[in-house]
Amino acid sequence: MPYVDRQNRICGFLDIEENESSGRFLRRYFILDTQQGNLLWYMDNPQNLPKGAEKVGSLKLTYISKVSDATKLRPKAEFCFVINAGMRKFYLQANDQQDLVEWISVLNNATKITVPKPGEGHTGHTETPQEVLGAMKQVSYKTEIIGGVPIITATQEQGEGHNEAERGGLKRGQNHLPYYLSRGAQDQAIIKAGYCVKQGALMKNWKRRYFMLDENAVSYYKSDLEREALRVIPLKEIHKVQECKQSELMMRDNLFEMVTSSRTFYVQADSPEDMHSWIKAISGAIVAQRGPGRSANTVGILSDSKDIKSFTT
């Protein structure tokens, strides 16, 4: 989902058809900078790229004439929308239906394209990025115990024009399982899987890794195509999982930490929603593993209707 970073810019991952009419979409990290009047995209979050890494592409907001849903124009491209800029059309794919709606909204707002409702007059107020995203429906999560395993899924109140299929879409590229676990009985215990960025133990560099949570451990791989995990962290060794208290010091958005007796693992998710989803999923798996007796007496969970902020033993 698009989110507002510490520089007050709207950011997030999208897939873009960089070569028009090629049908080939590539994953890019987008930054909507309304102060500079640009839409920029990079190979990854610039925080994870070498210092001074160049952008892959850019588009001045003044060139954009219209942003709209393009799922009917590109039926094979799921959650597709189009940016019309002069003689060029940029086709992009969002992660799910809500992501598509939010990106169209923030881009249209940034380029001052509005369609007033009947009876509404024009106002001179330009919404800030926080106001634009804050006015949209928030994602909440529900936990279901299936076969003794807590399954975390995103839920959303039904809004105008959203049907059950639209609300049920998973975030593409984040929650899919590796190809060798995609079928058969092997995937029954997988609770959550997706890409995050983690800090190395020695060099303190940041690398994108594929994380997988099951009922016994958190594992991470070099990619979703790998069979052998780089590391397996048993849930019984995790004392705490929470939003990182040092995110400002590390200058990292969407940062959470898993604390064990030997090491603290710092992990950066792609969005605030994904960060809270990981915290809640790992916390729920630990509680399920240790049983209701332990969770009631020795496990403290600070939670509200949307997320579990931390898990502590």
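Residue numbers here run from 1 along each chain, matching the order of that chain's written sequence. Given that the model is predicted, a residue must reach a pLDDT of at least 70 before its local features are reported, and side-chain atom pairs must reach 80 or more before they are shown or counted; all residues, however, enter totals for whole chains, interfaces and linings. Excluding hydrogens and water, the side-chain figures rest on all heavy atoms present in the structure.

As recorded in an unreviewed UniProt entry, the protein goes by Pleckstrin homology domain containing A1 and comes from Sander lucioperca. The record in UniProt for the protein states the following under Function (unreviewed entry): "Binds specifically to phosphatidylinositol 3,4-diphosphate (PtdIns3,4P2), but not to other phosphoinositides. May recruit other proteins to the plasma membrane." UniProt positions are given in the numbering used here, feature names are shortened, and annotations may be inferred rather than shown by experiment.

Scored between 0 and 100, pLDDT is the confidence that the predictor attaches to each residue. Per-residue pLDDT for the protein averages 77, and the proportion of residues at 70 or more is 68%. A low-confidence stretch, residues 113-124 stays under pLDDT 50, and its non-local contacts, those more than four residues away or across chains, total 4 contacts. Should any heavy atoms of two residues lie within 4.5 Å, those residues are considered in contact. Across residues 146-152, where pLDDT falls below 50, the model places 24 contacts with residues more than four positions away in sequence or in other chains.

Helical segments are the DSSP runs of H or I of at least four residues, strand segments are the runs of E of at least two, and each set is numbered from the N terminus. Mapping Lys198 onto the fold places it in strand β11 (residues 192-199). For every residue, the accessible area (1.4 Å probe, protein chains only) is compared with the maximum for its type, and the residue is labelled buried under 20%, exposed over 50%, or partly exposed between those bounds. Under this rule, positive means Lys or Arg and negative means Asp or Glu; His and the chain ends count for nothing. By definition here, a salt bridge exists when the distance from a side-chain nitrogen of Lys or Arg to a carboxyl oxygen of Asp or Glu is within 4 Å. The buried charged residue Lys198 lacks any salt bridge, with Asp44 as its nearest oppositely charged partner at 14 Å.

This next bit is on the environment of Val197. Structurally, the position occupied by Val197 is in strand β11. Val197 sits in the buried class, given a relative accessible area of 1%. Taking C-alpha positions, Val197 is 9.3 Å from Phe211, a pair spaced 14 residues apart along the chain. Val197 has contacts with Asn48, Trp206, Lys207, Arg208, Arg252, Tyr266, Val267 and Gln268, leaving out every residue within four places of it along the chain.

Scanning all chains against the criterion turns up 9 salt bridges. For the salt bridge of Asp253 with Arg6, the shortest nitrogen-to-oxygen distance reads 3.4 Å. Of this pair, Asp253 sits in the loop between α4 (247-250) and β16 (255-260) while Arg6 sits in the loop between β1 (3-4) and β2 (10-16); the two residues are 247 residues apart in sequence, bridging distant segments of the chain. Judged by its relative accessible area of 28%, Arg6 falls in the partly exposed class. The residue Asp274 makes a salt bridge to Lys192 at a minimum N-O spacing of 3.4 Å. Taken together, the residues Asp274 in helix α5 (residues 272-297) and Lys192 in strand β11 connect sequence positions 82 residues apart. We classify Asp274 as buried; its relative accessible area is 6%. Residue class for Lys192 comes out buried when judged on its relative accessible area of 7%. Through salt bridges with shared partners, a single ionic network connects Asp44, Arg208 and Asp270.

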